[in-house]
Amino acid sequence: MILDELPPSIRCRDERPEDAPFLLALYRSTRPDLAALGQAVEPLIRMQRDAREAQYRAAHPQADARILLLDETPVGRIVLASGPVEPRLVDLAIRQESRGSGLGGKILHALARQADREGRTIRLHVDNANPAMRLYARHGFVVEGEDALRTAMVRPPSEVSR
């Protein structure tokens, strides 16, 4: 699933090996619990990021990982697994400085419009402590289930957008 309805200032491109420093900094920004511990925790941050990436690849080998660009500057990452029945939003991360700017909402809006046109449901999992749960809810995602760490959310297709 390709995001084809993004505003002109936002585009996606494939991840490249030279994105590694940006992706590590992006991951670090999503883990304030660890980043607050200072440089001594850097090996742990790298290890956890690598473990998460390995888990993503194992669970979603056909997933498409893309860098989000705003006016050609990397500001985030999206990982989508487009299965035969429904797409899964595996990861959406926005650089700390760009959060709250509406960028995540624009990405979710484009994803939702495309899923609506195709009559497809979108699924995702989000950490229970992640404030992005409110963003997902504003874009039509509802809780499907939860455990002690994560919440499963689903967004059924909207008839209005078809």
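Everything numeric in this text was worked out from a predicted model, so none of it was measured.

*Asks:* When you look at the nonpolar core in this model, what are you seeing that I'm missing?
*Replies:* Across soluble globular proteins, nonpolar side chains have a tendency to be buried as a group. If you look at the biggest cluster of nonpolar residues, it comprises 25 residues, and the most contacted ones within it are L68, L89, L92, I107 and Y136. Looking at this core, the elements that each hand over two or more residues are β1 (10–14), β3 (73–82), β4 (87–94), α4 (103–118), β5 (122–127) and α5 (132–138). Among the elements that line this core, the one with the most residues is α4, at six residues. Residues F22, L23, L26 and A93 belong to the second largest nonpolar core, which totals six residues.

*Asks:* Is there a simple way to explain the layout of surface pockets in this structure?
*Replies:* Where empty space is left in the structure can be found by rolling a water-sized probe over the atoms. In this structure, the largest pocket occupies an estimated 1,300 Å³ of space. As for the largest pocket, its lining consists of 39 residues, and the residues nearest its centre are T30, L92, V126, N130 and A132. Of all the secondary-structure elements, those providing two or more residues to the lining of the largest pocket are α1 (20–29), α2 (32–35), α3 (42–59), β4, α4, β5 and α5. In terms of residue class, the lining of the largest pocket is built from 17 nonpolar, 13 polar and nine charged.

*Asks:* Teacher, can you tell me more about α3 here?
*Replies:* Structurally, the α-helix is built with 3.6 residues per turn, so residues lying three or four positions apart point the same way. In this model α3 runs 26 Å from its N-terminal to its C-terminal C-alpha over 18 residues, within 8% of the 26 Å that 1.5 Å per residue would give. For α3, the full list of buried residues reads E42, I45, R49, E53 and Y56. Considered in projection along α3, the buried side chains sweep an arc of 65 degrees and stay on one side of the axis. In α3, the exposed residues that point more than 90 degrees away from the buried face are P43, M47 and A58.

*Asks:* Would you take a moment to explain the sheet that holds strand β6 (residues 142–146) for this structure?
*Replies:* By definition, the strands of a sheet pair up through backbone hydrogen bonds, in either a parallel or an antiparallel sense. Spatially, β1-β2-β3-β4-β5-β7-β6 is the arrangement adopted by the seven strands of the open sheet, whose pairing is mixed. What marks the edges here is a single partner per strand, and that holds for β1 and β6. Within the sheet, the average angular offset between the axes of one strand and its neighbour, ignoring direction, is 30 degrees. Sheet topology places strand β2 (residues 64–70) next to β3; seven bridges connect them, and they run antiparallel. Looking at the pairing, L70 lines up with T73 of β3. Set on the sheet, α4 makes contact with β1, β2, β3, β4, β5 and β7 (150–155); between it and β4 the angle comes to about 165 degrees.

*Asks:* Quick question: what am I supposed to make of the pairing of β7 here?
*Replies:* Regular strands show a simple pattern: their side chains alternate between the two faces of the sheet. Counting buried positions along β7 gives five out of six residues, so the element sits mostly inside the fold. Pairing analysis gives six bridges linking β5 to β7, with the strands arranged antiparallel. Pairing of L124 across the sheet is with M153, part of β7. Bridge count between β6 and β7: four bridges; the pairing is antiparallel. The residue of β7 that forms the bridge with E146 is T151.

What counts, and where the lines are drawn
Residues numbered from 1 in each chain as written. Predicted model: local features only at pLDDT ≥ 70, side-chain atom pairs only at ≥ 80, totals over all residues. Heavy atoms only, no water. Core = buried A, V, L, I, M, F, W, Y, C linked by side-chain atoms within 4.5 Å. Buried < 20%, exposed > 50% of the residue type's maximum accessible area, 1.4 Å probe, protein only. Helix = DSSP H or I, 4+ residues; strand = E, 2+ residues; numbered from the N terminus. 1 Å grid on protein atoms, 1.4 Å probe; cavity = no way out; pocket = protein on both sides within 12 Å on 5 of 7 lines; lining within 4 Å. Points joined across faces, edges and corners; volume = space filled by probe spheres on them. Nonpolar A, V, L, I, M, F, W, Y, C, P; charged D, E, K, R; others polar. Expected span 1.5 Å × (residues − 1). Arc of directions from axis to C-beta. Pairing = 2+ DSSP bridges. Axes fitted to C-alpha atoms, helices over the stretch in contact; angles between N-to-C directions. Contact = heavy atoms within 4.5 Å.

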